Amino acid sequence: MSGTITHCRACGAPFGPVFCDLGVMAVANSYLPPEADPTAEPRFPLRAMVCSDCRMVQLDHVVDAHGIFRDYAYFSSASSSWLKHCLNFCATMTNRLNLGPQSLVIEVASNDGYLLKNFVASGVPCLGIEPAENVAAVARAAGVPTEAVFLTPDSAAAIVQRLGRRADLVVANNVLAHVPDINGFTQGLAALLAPEGVLSVEAPHLLAQVDGVQFDTIYHEHYAYWSLLAVEHLFTRHGLTVFDVETLPTHGGSLRILASPTPRPASAALRALRQLEAARGLASDAFYQGFGARVSGVLSGFRDWLAVQKRRGRRVAAYGAAAKGNTFLNAAGVTAADLLAVADLSPAKQGRLLPGSHVPVVSPEALLALAPDEILILPWNIAPEVVAQLRAAGFSGGLWTAVPEMRRW
Ligand SMILES: [Zn+2]
């Protein structure tokens, strides 16, 4: 199933202004085997719209979720800074909610168990819900109980019935963006929660996305882009009251939003962020308009830089075959003739071609063996970590990021 929609997937109101139109693109996580016919690669419109009512920013062309997620070649455990972030989260929540052997933690989109393994280690009962069968199997092998299902009201009810209880903590990190049926999913989250339970959701913050011109976080798997305003509209409709929020540096600026079926007083941080979003005009059309022109500016800055490198005969490569890099390269019109290769730590991607641009993916060692002069780091959010790795491996050439502007590290 895929198709174009004209009304908000959350509240049903008609779309207002265009937020960002990136044209027609290959699906960002569909890495091609080298023998694939590049002309047969499916491409879909990639355009984000703003809801005229609840202000949820969302794609107006929905690509089939099953086709994307069932063979998803992404394993969270690849980034060490993200693992540390998760460890800290588990310690904080264990303390704050007094979690112990009597508690239950459920994580939705639990991936390979990277977060829940911390609860397993400290003796807090937990369950992962992970739609990708191959990824769920990796989690189970690591000792993290995991069910391979999509979260829906029905699958949530079945889990609650089987366990004979609801959860004290439900975690949904970086998953709200990935859900086409956002109402069914949120209803499922609410159904998993005990009356006094806490839902913790992390999502990249639209305000940070706009301020950092982070257009490359837009791709077909990301159906929606969240402000506190839009999350509160959504949760309120499903009986969940937001009571606290924290801003985090992850993914270029994220929110950790805490909500509960039982209303609690709004924290000072929550009141302050509501005021900030109101002052920046997130309820108005003007805030969203003009983003597209700033995206064009970033892309032309990169194209100019690439043209200079080519003119000088510099050998340019890239690092990090993640989804945001694919959006960036395809929006910039980069082809395999422009880059030597792109390095990635994930063996599942090595030996394949990037979708759209068809740049070959190699291991970091193989990339350095090609002796590039300049390396463009595509996942700018983990640039310091990548810079340290490449310098430790002996690379002495230029290291760059391109968002929100060309920067030499
Ligand atoms: Zn809406």
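Residues numbered from 1 in each chain as written. Predicted model: local features only at pLDDT ≥ 70, side-chain atom pairs only at ≥ 80, totals over all residues. Heavy atoms only, no water.

- In the nomenclature of an unreviewed UniProt entry, the chain is known as SAM-dependent methyltransferase of Fuscovulum blasticum DSM 2131.

1. Let's talk about the sheet that holds strand β13 (residues 254-260)
At step 1: The strand order across the open sheet formed by seven strands is β8-β7-β6-β9-β10-β13-β12, and the pairing between neighbours is mixed. In this open sheet, the two strands that pair with only one neighbour each are β8 (146-147) and β12 (241-248).
At step 2: Two elements, β12 and β13, share seven bridges in a ladder whose sense is antiparallel. Bridge pairing in β13 links D244 to L258.
At step 3: Across the sheet, helix α5 (residues 153-163) touches β6 (105-108), β7 (126-129) and β8, and the angle it forms with β7 is around 155 degrees.
At step 4: Across the face of the sheet, helix α8 (residues 228-237) comes into contact with β10 (193-204), β12 and β13 while running at roughly 25 degrees to β13. (Pairing = 2+ DSSP bridges. Helix = DSSP H or I, 4+ residues; strand = E, 2+ residues; numbered from the N terminus. Contact = heavy atoms within 4.5 Å. Axes fitted to C-alpha atoms, helices over the stretch in contact; angles between N-to-C directions.)

2. Observations regarding helix α2 (residues 80-97)
Side chains that are three or four residues apart share a direction in an α-helix, a result of its 3.6 residues per turn.
At step 1: With 18 residues, α2 ought to run about 26 Å at 1.5 Å a step, and its terminal C-alpha atoms sit 26 Å apart, in line with that.
At step 2: Those residues of α2 that sit buried are W82, H85, C86, F89, C90 and M93. In a view along the axis of α2, the buried residues occupy a sector of 140 degrees, so they form one face of it. Set apart from the buried face of α2 by more than 90 degrees, the exposed residues are K84 and N95.
At step 3: The secondary structure elements touched by the buried residues of α2 are α3 (116-121), β9 (167-173), β10, β12 and β13. (Expected span 1.5 Å × (residues − 1). Buried < 20%, exposed > 50% of the residue type's maximum accessible area, 1.4 Å probe, protein only. Arc of directions from axis to C-beta.)

3. Describing the coordination of the zinc ion
When a metal holds four donors in a tetrahedron, each ideal angle between them is 109.5 degrees; when it holds six in an octahedron, the ideal angles are 90 or 180 degrees.
At step 1: With distances of 2.3 Å, the protein atoms coordinating the zinc ion are C8 (SG), C11 (SG), C51 (SG) and C54 (SG).
At step 2: Coordination at the zinc ion is tetrahedral: its four donor atoms span angles of 100 to 117 degrees at the metal.
At step 3: Donor residues for the zinc ion sit on one chain with the sequence pattern C-x2-C-x39-C-x2-C. Both residues of the pair, C51 and C54, belong to the buried class. (Donors = N, O, S within 2.8 Å, 3.2 Å for Na, K, Ca; no water. Tetrahedral: all angles 85-135°; square planar, octahedral: opposite > 155°, others 65-115°.)

4. Examining the domain arrangement of the chain
At step 1: Per the domain assignment, the segments of the chain are domain 1 (76-273) and domain 2 (291-408).
At step 2: A straight line from the C-alpha centre of domain 1 to that of domain 2 covers 31 Å.
At step 3: Counting residues at the interface gives 17 residues for domain 1 and 18 residues for domain 2.
At step 4: Both faces combined, the contact of domain 1 with domain 2 buries some 1400 Å², and carbon together with sulfur accounts for 67% of it.
At step 5: Three residues, V213, F215 and D216, lead the burial of domain 1 against domain 2; their summed loss comes to 47% of the area buried on that side.
At step 6: At the junction of domain 1 with domain 2, the criterion picks out zero salt bridges.
At step 7: Our count for the contact surface shared by domain 1 and domain 2 stands at four residue pairs in polar contact (both at pLDDT 80 or more).
At step 8: Those elements that provide at least two residues to the side of domain 1 that touches domain 2 are α2 and α7 (206-211).
At step 9: For the side of domain 1 that touches domain 2, the element with the highest residue contribution is α7, accounting for three residues. (Domains from an automatic or database assignment. Buried area = accessible area lost by both parts, 1.4 Å probe. Salt bridge = Lys/Arg side-chain N within 4 Å of Asp/Glu carboxyl O. Polar contact = N/O pair within 3.5 Å; in protein donor to acceptor, adjacent residues only side chain to side chain.)

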